[in-house]
Amino acid sequence: MKLDLLKNTDLEGDIDIYLDMIIRGGLLFCQGVKFYLEGREDEFNTRLDILAKLENKADAQLNIVEGKLFNNEGMREWRGDILGLIENSDEVLDRMNQTLKQFSVEMPAILPELTGSYQGLCQDAISTVEAMVAAIRAYFRKPNLVRGKIEEVIELRKTTVRAADWIKRKVFRSDIDLDHKFHLRYFAHHIEEIVWQAERVCDRLAIATIKRYS
Amino acid sequence: MFLIFKKTKSLENQIEEFLATVEKGALSFQAGIKCYLSGGEEKLNVCLEEISALEGKADDLRREIETSLYTETLIPESRGDVLGLIESTDHVLNLMEETLQQFSVEIPEIAEELHGLYIELGNISAAAVTAMVKAIRSYFRDLQEVRDNINKVIFYEKEADRLADRIKRRAFRMELKLCNKIHMRYFAYHIEYISDMAENVCDRLAIATIKRYM
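Residues numbered from 1 in each chain as written. Chains lettered and ligands numbered in written order. Predicted model: local features only at pLDDT ≥ 70, side-chain atom pairs only at ≥ 80, totals over all residues.

Q: Just checking my understanding: could you explain the overall build of chain B for this structure?
A: Each helix and strand in chain B was counted, giving 6 helices and 0 strands. The order of α-helices and β-strands along chain B, N terminus first, is α-α-α-α-α-α. Against the compact-globule benchmark of 17 Å for 214 residues, chain B has a radius of gyration of 18 Å, which places it among compact chains. Seen through its principal axes, chain B has C-alpha atoms that stretch 60 × 30 × 20 Å. For chain B, the proportion of its 214 residues judged to be buried stands at 41%. If you take every contact in chain B between residues at least 6 apart in sequence, the share linking residues at least 24 apart comes to 82%. (Helix = DSSP H or I, 4+ residues; strand = E, 2+ residues; numbered from the N terminus. Rg over C-alpha atoms; globule rule 2.2 N^0.38 Å. Buried ≥ 20, exposed ≤ 12 C-beta atoms within 10 Å, placed from the backbone. Contact = placed C-beta atoms within 7 Å.)

In structure tokens form, the structure reads like this:
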């Protein structure tokens, strides 16, 4: 088995650039939510704007990767798997962008006692996304490490889901109106959805890795 | 004996164990809803713990099955179909667990006159899942039976649809705050959705079955 799938291909670098964008997107998302929770509107809007632009750039980069994949005969066997991985990872970036946009559109009134928990939830979600990116990079260069990295994603996903669950329990046991509870649940749910998507990517990755070994 | 995997006893066992886990999950789900509505939040939590453990076990089994599917000798053309069936079935179990979890987190106030209908809806969705498991088993053991079992799932899905509609109509005609009505609708929708997903699994199954006849 060829260990480094990308070595000496014209894709070397392109996929890394794309994955870098997901990492950067995660950081922008986290920073954006932090500024929202701290009421720093200008700074929040700047991060929102940069993240939206980054998502467009990532789409363009995705097209470059897709084009090169289809023109590279050496990658023929793995083309479908790689494409599936990259496109599903794009969904992770898309969800982060959408969630931050929802903060801007709906301006949820987060309870002061929960701002730290929402920030923590975002941190957990981003750690999961970072672990997902590390697992994808391993698929290309060190496939024997993929399994361990996927385990890490699963553990981080569980941590994030527990954090979201904790927030929702607090919310539904507080004295605020039911419609306000729905709104707060909605945001916890959307942040949580980011990690579910990251795990879905890893489910694909696990199968793609098994195929490389079989 | 699973006719599709003549040489792979361990894979047969894994799939059977996986399906049995989903079946048990349906029973815990059904019991959980009944417990919640009869005022037993503690009993609900017991059912929730049960179904969470089953869900974790099913996830592990799914991953083992995926590995076995690609590493053990099998009919290669059925591999993708089996994989798709296992993944979508796992999703149904996840939904049952998430729905019970939502009851535990959000403690919705269900109007007393609707308790019976919610319990019935839970029973019917669980019946759809049980029939779905039977249909999948017959795909492996006796293809002739697949059709009849799929028809049962379709029947339960339609029943769940009608019942959920009845619940929502009654809820929205009650003298309650709109947010309470929305909350009741949300839970009726999530219980009903389980039977929808069981039907989706059967749509896949129908195609996979036709492919085996060709």
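Let's pick the thread back up.
Q: I'm lost on the overall build of chain A in this one. Help?
A: Regarding its fold elements, chain A presents 6 helices and 0 strands. The linear arrangement of helices and strands in chain A, starting from the amino end, is α-α-α-α-α-α. Computed over the C-alpha atoms, the radius of gyration of chain A is 19 Å, within 12% of the 17 Å expected from 2.2 N^0.38 for a compact globule of 214 residues. C-alpha extents for chain A along the principal axes are approximately 60 × 30 × 20 Å. Residue burial in chain A is summarised as follows: out of 214 residues, 37% are buried. In chain A, of all internal contacts separated by at least 6 residues, the share reaching a separation of at least 24 is 81%.

Q: Which parts of the structure should I look at to understand the packing of helix H2 (residues 41-71) of chain A against helix H3 (residues 79-106) of chain A?
A: Any two packed helices are characterised by the angle at which their axes cross and by the distance between the axes. Residues and elements named next belong to chain A. In the contact formed by H2 and H3, the axes pass within 10 Å of each other and the chain directions differ by 170°. Considering their axes alone, H2 and H3 lie roughly antiparallel with respect to each other. Residues Leu-48, Leu-51, Ala-52, Glu-55, Ala-58, Leu-62, Val-65, Glu-66 and Leu-69 of H2 pack against Arg-79, Ile-82, Leu-83, Ile-86, Asp-90, Leu-93, Asp-94, Met-96, Asn-97, Leu-100, Lys-101 and Ser-104 of H3. Of the residues assigned to the contact of H2 with H3, the class counts are 13 nonpolar, 2 polar and 6 charged. (Axes fitted to C-alpha atoms, helices over the stretch in contact; angles between N-to-C directions. Parallel < 35°, antiparallel > 145°, perpendicular 65-115°, else oblique. Nonpolar A, V, L, I, M, F, W, Y, C, P; charged D, E, K, R; others polar.)

Q: Please clarify how the nonpolar core should be interpreted in this entry.
A: The biggest cluster of nonpolar side chains holds 62 residues, and the ones touching the most others in it are B:Val92, B:Ala128, B:Val129, B:Met132, B:Ala135 and B:Ala198. Those elements that place two or more of their residues in this core are helix H1 (9-37), helix H2 (41-71), helix H3 (76-106), helix H4 (115-141), helix H5 (146-172) and helix H6 (178-213) of chain B. The element that contributes the greatest number of residues to this core is H4(B), accounting for 14 residues. Apart from the residues lying within four places of it in its own chain, the contact partners of B:Ala128 are B:Val153, B:Tyr156, B:Glu157, B:Ala160, B:Ser195 and B:Ala198. By size, the runner-up hydrophobic cluster in this structure holds 60 residues, among which are A:Val129, A:Tyr139, A:Ile150 and A:Val201. (Core = buried A, V, L, I, M, F, W, Y, C linked by C-beta atoms within 7 Å.)

Q: Hey, could you run me through the packing of helix H1 (residues 14-37) of chain A against H3(A) in this one?
A: Residues and elements named next belong to chain A. Relative orientation of the contacting elements H1 and H3 amounts to 20°, with a least axis distance of 10 Å. Here H1 lies roughly parallel to H3, going by the angle between them. Helix-helix and strand crossings are classified by hand; for H1 and H3 the assignment is left-handed. Of the residues in H3, those in contact with Tyr-18, Met-21, Ile-22, Gly-25, Gly-26, Phe-29, Gly-32, Val-33 and Tyr-36 of H1 are Ile-86, Ser-89, Val-92, Leu-93, Met-96, Leu-100 and Phe-103. Of the residues assigned to the contact of H1 with H3, the class counts are 12 nonpolar, 4 polar and no charged. (Left-handed = near helix turned anticlockwise from the far one by under 90°.)

Q: I'm lost on the interface of chain B and chain A in this one. Help?
A: Where interface size is quoted, it is often the accessible area lost as the parts come together. Each side of the interface is counted separately: chain B has 11 residues, and chain A has 13 residues. Listing elements by their share of the side of chain B that touches chain A, those giving two or more residues are H2, H3 and H6 of chain B. Ranked by residue count, the leading element in the side of chain B that touches chain A is H2(B), at 5 residues. Of the residues in the side of chain B that touches chain A, the class split is 4 nonpolar, 4 polar and 3 charged.

Functional significance is not addressed by these values, which are geometric in nature.
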